[in-house]
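Architecture and fold: a report
Read off the chains here:
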Amino acid sequence: MQRIRLRYTKRGRLRFTSHRDFQRAFERALRRAEVPMAYSAGFTPHPKVSYANAAPTGTGSEAEYLEIALAEARDPQTLRRLLDESLPDGLDITDAVEARTSGLADRLTASVWELRLDGVDPEDARKAVETFLAAETVEVQRKTKNGIRTFDTRAAVVDLTSAAAPGDPQGDRPLDSACAILRLVVRHVTPAVRPDDVLSGLRAVADLAPPVPAAVTRLAQGLFDEESGTVTDPLAPDRETVTAAPSTAAATASATAPGAGTA
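Here's a quick rundown of the structure. Predicted model only: the values in this text are computed from it and were never measured.

So, helix H2 (residues 76-86)
Residues Pro 76, Leu 79, Arg 80, Leu 83 and Ser 86 constitute the buried set of H2. One side of H2 carries all its buried residues, which in axial view fall inside an arc of 135 degrees. On its buried face, H2 sits against strand S1 (2-10), helix H1 (19-32), strand S3 (60-70) and strand S4 (93-98).

Printed below as a string of structure tokens:
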């Protein structure tokens, strides 16, 4: 069995697709691309697909990850291209590597987010960020299936900065008024602290309340490097291992080549 890890995006209007919607679209893409999937055992077999830390509905993302198991070996880049062609624009497969290490989910310990605050003056956003970072704790409330839960958002935030928006190169949100951009680095803790929780914290400590919902995009997620303060690529260990050993597909091709194993 070969395992392939994929990085994919949620862009434009498809940021509003739920995780369940993406699952259905991805399984259709697997069938269209004729991917030789491995299936689970039991009365209702299903493709072996593992999703890791999906972004909330309504947020865009440049860094979502999943892992698939194949019954036959395939070249990761060829597989990436076939799957990308089988998905709608906005759900894009941007990277693929053969899984050579364990614990992909364990390497997703932090995320980098961009929060676009239309109608917010950049100077007001800067002052709110300073107030938030100066606080020892910033408690917010969120409604969960078990009722209202209160938790601290400040402890999970590694970094939070503010800047004026340079404009929207994609043109889906023209810059015709004040707009601030927040860049947020947050650890994946329990309970999870989401970008909207941080916005609630900014409202609680600095009365920062955007007049329209923020446009939120995950720029990266991976292992947080304490020394550099950066979020590293979670697929890097697999790439490094591949350079030191042949891939499953290459090894299979070599083993089945004419004359293989003969003197």
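Picking up after the structure, the text goes on.
Quick look at the side chain of Arg 107
Looking at where Arg 107 falls in the secondary structure, it is placed in the loop between S4 and strand S5 (110-118). Given a relative accessible area of 12%, Arg 107 falls into the buried group. Within the local environment of Arg 107, its side chain forms a polar contact with the backbone oxygen of Ser 102, the two atoms lying 3.3 Å apart. Other than its neighbours up to four places away in sequence, Arg 107 contacts Arg 5, Thr 101, Ser 102, Gly 222, Leu 223, Pro 234, Pro 237 and Asp 238.

So, the packing of aromatic side chains
On inspection of all chains with the given rule, the structure shows three aromatic pairs. Taking 4.1 Å as the distance between ring centres and 5 degrees as the angle between the ring planes, the aromatic pair formed by Tyr 8 and Phe 22 counts as stacked. Here the residue Tyr 8 occupies a position in strand S1, and Phe 22 occupies one in helix H1, the gap between them amounting to 14 residues. Taken as a pair, Tyr 8 and Phe 22 share a single burial class, namely buried. Three or more aromatic residues link up through ring pairs in this structure, and these residues are Tyr 8, Phe 22, Phe 26 and Tyr 51.

Quick notes on the pattern of salt bridges
Taken as a whole and assessed by the stated rule, the structure comprises 18 salt bridges. The partner of Arg 218 in a salt bridge is Glu 64, with the nearest N and O atoms 2.8 Å apart. Taken together, the residues span a long stretch of sequence, with Arg 218 in strand S10 (residues 215-222) and Glu 64 in strand S3 at a distance of 154 residues. With relative accessibility at 1%, the residue Glu 64 sits in the buried group. Among the ionic pairs, Arg 142 bridges to Asp 197, the shortest N-O distance being 2.3 Å. Here the residue Arg 142 occupies a position in strand S6 (residues 139-144), and Asp 197 occupies one in helix H4 (residues 195-206), the gap between them amounting to 55 residues.

Some thoughts on the layout of surface pockets
For the second largest pocket, the calculated volume is near 170 Å³. Taken together, 15 residues line the second largest pocket, and the ones lying closest to its centre are Asn 53, Ala 192, Val 193, Arg 194 and Arg 218. Listing elements by their share of the lining of the second largest pocket, those giving two or more residues are S5 and strand S9 (179-187). A breakdown of the residues in the lining of the second largest pocket according to their chemical character gives nine nonpolar, three polar and three charged.

Quick notes on the rules
- Residues numbered from 1 in each chain as written.
- Predicted model: local features only at pLDDT ≥ 70, side-chain atom pairs only at ≥ 80, totals over all residues.
- Heavy atoms only, no water.
- Buried < 20%, exposed > 50% of the residue type's maximum accessible area, 1.4 Å probe, protein only.
- Helix = DSSP H or I, 4+ residues; strand = E, 2+ residues; numbered from the N terminus.
- Arc of directions from axis to C-beta.
- Contact = heavy atoms within 4.5 Å.
- Polar contact = N/O pair within 3.5 Å; in protein donor to acceptor, adjacent residues only side chain to side chain.
- Phe/Tyr/Trp six-rings, centres within 6.5 Å; stacked < 30°, edge-to-face > 60°.
- Salt bridge = Lys/Arg side-chain N within 4 Å of Asp/Glu carboxyl O.
- 1 Å grid on protein atoms, 1.4 Å probe; cavity = no way out; pocket = protein on both sides within 12 Å on 5 of 7 lines; lining within 4 Å.
- Points joined across faces, edges and corners; volume = space filled by probe spheres on them.
- Nonpolar A, V, L, I, M, F, W, Y, C, P; charged D, E, K, R; others polar.

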